[in-house]
Amino acid sequence: MSAPEDEKYPRKILGYMEGFLISKTLFAACELGVFDHLEASERPLSAAEVAQALDTSEDGTQRLLSACAGLELLVVQQCNDQVVYSNTGLSSRYLTRSGPQSLYHSIQYNSKTIYLCWHYLTDAVREGRNQYEKAFGVSSKDLFEALYRSDEEMVKFMHLMNSIWNICGKDVVTAFDLSSFKIIYDLGGCSGALAKQCTLAYPGSSVTIFDLPKVVQMSREHFVSAEDKRISFHEGDFFKDKLPEADLYILARILHDWTDDRSLELLAKVYQSCRPGGGVLLVEALLHEDGSGPLTAQLYSLNMLVQTEGRERRASEYTSLLTAAGFTSIQVQRTGKLYDAILARR
């Protein structure tokens, strides 16, 4: 019996082996401003024109533009015996700084922070702990001191959260009808992007972002407009400080940072502060119960290993934590995108 076709030529393995080349091509093109410059030019440009504008080598620029065209991030044309490049609609929308759903800052965070941590993935698997100290020379005794090791790093992380919720936020806040919850607290609400999506979906509700004082300061300065009267702030540490009473608490990408014990500790605090009939909305990337996927959530769980104390979980694991904290009527909704939603009631 002859070997299957995929064993004769390991196309899939080769693609996986060299996948980082694709990531770094995307990272470099964004960092150099390739997509921004092509967008601003309003006409296709040659590699020489792009190189002159970006102060890069013509040879290196031509290779980078060619690779981006191969990745279908740029359109390549022959014009008057010259090869010229322009953005695709996808690149204009997601890869330029001014794009309506720009992922530029998220890409920068992946390039400058996550990519460096993943260099130590082997060590993380051996040691079972995050690799911030090796990657950045910063003690990881306190998770958020590591994540927010400088104002610049904090803003980069907040831009990451902002761009993700601009794309996925509507899906998770409308996974269930939350209109009956009038007073909502977004714990660790960071940039306020998910709070904005919530107020858009439920005009009769108000949302308060509960986060560390420094995060609140940065949110006010960089992300949340003072004109949005239905979004307010409450400074505090949700592990150390008393939580204000509310109808609904949102924990979006919070529990995946923490161990089961710390997650249960936080959920128990939420339960005690929650009004009768109120609830908690968890927003996380859910693993399949049989461990078969989704691949994105599996990779995110490795990312939690190299960066935090936590991991991604199955819906049944979150259900167990919620039940242990006292919550009932637990519902799970998969969105088909990066993040899913779980709603539980007190």
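Residues numbered from 1 in each chain as written. Predicted model: local features only at pLDDT ≥ 70, side-chain atom pairs only at ≥ 80, totals over all residues. Heavy atoms only, no water.

- The name an unreviewed UniProt entry assigns to the protein chain is Acetylserotonin O-methyltransferase, from the organism Clupea harengus.
- The record held by UniProt for the protein chain lists under Function (unreviewed entry) the comment "Catalyzes the transfer of a methyl group onto N-acetylserotonin, producing melatonin (N-acetyl-5-methoxytryptamine)."
- Checking UniProt for the protein chain, the heading Subunit (unreviewed entry) contains the comment "Homodimer." (UniProt positions renumbered as here; feature names shortened; annotations may be inferred.)

## A word on the environment of Thr174
- In this structure, Thr174 sits in the loop between helix H12 (151-173) and strand E4 (183-187).
- Taking the C-alpha atoms as reference points, Thr174 and Val76, separated by 98 residues in sequence, lie 40 Å from one another.
- Residue contacts for Thr174: discarding those within four places in its chain leaves Ala201 and Tyr202.
- In terms of polar contacts, Thr174 uses its side chain to reach the backbone carbonyl oxygen of Lys170, at 2.6 Å. (Helix = DSSP H or I, 4+ residues; strand = E, 2+ residues; numbered from the N terminus. Contact = heavy atoms within 4.5 Å. Polar contact = N/O pair within 3.5 Å; in protein donor to acceptor, adjacent residues only side chain to side chain.)

## Examining the packing of aromatic side chains
- Counted by the stated rule, this structure contains 9 aromatic pairs.
- Ring centres 6.1 Å apart and planes at 25° place the aromatic pair Tyr300 and Tyr339 in the stacked group. Taken together, the positions of Tyr300 in helix H16 (residues 295-307) and Tyr339 in the loop between strand E9 (328-333) and strand E10 (340-345) put the pair 39 residues apart, joining distant regions of the chain.
- Residue class for Tyr339 comes out buried when judged on its relative accessible area of 3%.
- Of the aromatic side chains, those joined through ring pairs into one cluster are Trp165, Tyr300 and Tyr339. (Phe/Tyr/Trp six-rings, centres within 6.5 Å; stacked < 30°, edge-to-face > 60°. Buried < 20%, exposed > 50% of the residue type's maximum accessible area, 1.4 Å probe, protein only.)

## A short note on a nonpolar patch on the surface
- Residues Phe20, Leu21, Tyr115 and Leu116 make up a contiguous nonpolar surface patch of about 350 Å² in total accessible area.
- Examined against the element boundaries, Phe20 turns out to sit in helix H3 (residues 19-32). (Patch = residues over 30% accessible without salt bridge, like charges linked within 9 Å, V, L, I, M, F, W, Y side chains within 5 Å. Areas by Shrake-Rupley, 256 points an atom, 1.4 Å probe, with all protein chains shown as cover. Salt bridge = Lys/Arg side-chain N within 4 Å of Asp/Glu carboxyl O.)

## Section: the UniProt feature "active site" (unreviewed entry) in the protein chain
- Taking the numbering used here, the UniProt-annotated feature "active site" (unreviewed entry) corresponds to His256.
- With respect to the secondary-structure elements, His256 resides in the loop between strand E7 (246-252) and helix H15 (260-273).
- The contacts of His256, once residues within four sequence positions are left out, are Glu284, Met304, Thr308, Gly310, Arg311, Glu312, Arg313 and Tyr318.

## Considerations on the pairing of strand E2 (residues 74-79)
- Note that E2 and strand E3 (residues 82-87) share 6 bridges and pair antiparallel. Bridge pairing in E3 links Val75 to Ser86. (Pairing = 2+ DSSP bridges.)

## A look at the sheet that holds strand E1 (residues 45-46)
- On the basis of which strands lie adjacent, the open sheet formed by 3 strands has the order E1-E3-E2 and antiparallel pairing. Across the chains shown, the open sheet's two edge strands, defined by having one partner strand only, are E1 and E2.
- Contacts from helix H4 (residues 34-41) reach E1, E2 and E3 within the one sheet, and its direction differs from that of E3 by about 100°. (Axes fitted to C-alpha atoms, helices over the stretch in contact; angles between N-to-C directions.)

## Topic: the domain arrangement of the protein chain
- Here the domain parsing of the protein chain yields domain 1 (5-95) and domain 2 (168-345).
- Here the C-alpha centre of domain 2 lies 37 Å away from the C-alpha centre of domain 1. (Domains from an automatic or database assignment.)

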